[in-house]
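Understanding the architecture of this molecule
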Amino acid sequence: MRESLLTIPINEVFEPRCGCPICAMRDTVEQHICEYIMGAAMMEPDVREETNALGFCREHFNCLLKQNNRLSLGLMLNTRLQTLRAEIFEKKTTALNKSAKAKKSAEVESTCFVCSKVDWGIMHMLETVFDMWKDEGFRKLYSSQEYICIPHYNLLMSAAQTKLKKDALKSFCDATEKLVGDYIKQLNDDVNEFCDSFDYRNARKLHNEDMEHVRNSIDRAIQFITSRKPNEK
């Protein structure tokens, strides 16, 4: 397929054939959004209105902290807190609507400005992925990926139902199922071997040079199940 402004970003996340390409896609979009929100966009009224209303989830608070711009984050947190005070905690309530107030406060951690933008960006990029599926070269590239993680397997299989026609849908689902099936089998074997290595009969086996895939199997399993690398110690 001839490259275009739409296909280049897709090829960039698929060509390395390392890890889940949709995770790489998510990470790229996420980084752009975090840089955007911590820059000049922070002072744009429409953006601030959204961040005041939606806030950020724990994952993306950590991403924003990594931008090393605490003043920008502080300014957004300041007006976010003001919004929460005015809309929830400083409103006069009666005993009858205390539960409604508690319900609204529980929603605070369920919305995130970055999540909403990342989800929108990924869905638009996936439209290009499905359009590229008609190209044999891309189908081969897709099928040669290391794996698709479980959360993004669910996303792809769901989105494909409405984006691909019958024959294309079958070949796409078959390729995706194979990527997940092959990887989970090998991953399960690696985790099982990791556990077995603690048996006294396998003393020091885990330290062999060719056992790196077993030593890192716990981290890989967490990433495969959640789509996120476990936090570094």
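Conventions we followed
- Residues numbered from 1 in each chain as written.
- Predicted model: local features only at pLDDT ≥ 70, side-chain atom pairs only at ≥ 80, totals over all residues.
- Heavy atoms only, no water.
- Axes fitted to C-alpha atoms, helices over the stretch in contact; angles between N-to-C directions.
- Helix = DSSP H or I, 4+ residues; strand = E, 2+ residues; numbered from the N terminus.
- Parallel < 35°, antiparallel > 145°, perpendicular 65-115°, else oblique.
- Left-handed = near helix turned anticlockwise from the far one by under 90°.
- Contact = heavy atoms within 4.5 Å.
- Nonpolar A, V, L, I, M, F, W, Y, C, P; charged D, E, K, R; others polar.
- Buried < 20%, exposed > 50% of the residue type's maximum accessible area, 1.4 Å probe, protein only.
- Polar contact = N/O pair within 3.5 Å; in protein donor to acceptor, adjacent residues only side chain to side chain.
- Core = buried A, V, L, I, M, F, W, Y, C linked by side-chain atoms within 4.5 Å.
- Salt bridge = Lys/Arg side-chain N within 4 Å of Asp/Glu carboxyl O.

1. Some points on the packing of helix H1 (residues 7-14) against helix H2 (residues 21-37)
For the pair H1 and H2, the least separation of the axes is 8 Å and the interaxial angle reads 125°. With respect to their mutual orientation, H1 and H2 come out oblique. Taken as a pair, H1 and H2 cross one another with a handedness that is right-handed. Contacts between H1 and H2 involve Ile10, Val13 and Phe14 on the former and, on the latter, Pro21, Ile22, Ala24, Met25 and Thr28. When grouped by side-chain class, the residues that make up the contact of H1 with H2 number seven nonpolar, one polar and no charged.

2. A closer look at the environment of Ser72
On the secondary structure map, Ser72 appears in helix H5 (residues 70-89). Of the residues examined, Ser72 reaches a relative accessible area of 7% and is grouped as buried. With 34 residues separating them in the primary sequence, Ser72 and Met38 have C-alpha atoms 5.9 Å apart. For Ser72, the residues in contact, after removing those within four places along its chain, are Met38 and Met42. Among the polar contacts listed, one links the side chain of Ser72 to the side chain of Asn69, at a separation of 2.9 Å.

3. A look at the nonpolar core
Counting residues in each nonpolar core, the largest one holds 53 residues, and the members touching the most others are Phe14, Met25, Phe138 and Tyr142. Element by element, the count of residues in this core is highest for helix H7 (residues 113-132), at nine residues. Other than its neighbours up to four places away in sequence, Phe14 contacts Pro21, Ile22, Met25, Val129, Phe138, Leu141, Tyr142 and Gln145.

4. Let's talk about the pattern of salt bridges
Counted under the stated rule, the structure contains 15 salt bridges. Put simply, Lys140 and Glu136 hold a salt bridge, and the shortest N to O gap is 3.6 Å. With Lys140 and Glu136 both in helix H8 (residues 136-143) and four residues apart, this pair spans about one turn of that helix. Judged by its relative accessible area of 48%, Glu136 falls in the partly exposed class. Lys205 is paired through a salt bridge with Glu193; the nearest N and O atoms lie 3.5 Å apart. Here the residue Lys205 occupies a position in the loop between helix H10 (166-196) and helix H11 (212-215), and Glu193 occupies one in helix H10, the gap between them amounting to 12 residues. Relative accessible area serves as the criterion here: at 33%, Lys205 is assigned to the partly exposed category. Among the ionic contacts, a cluster of salt bridges with common partners joins Glu30, Glu59 and Arg228.

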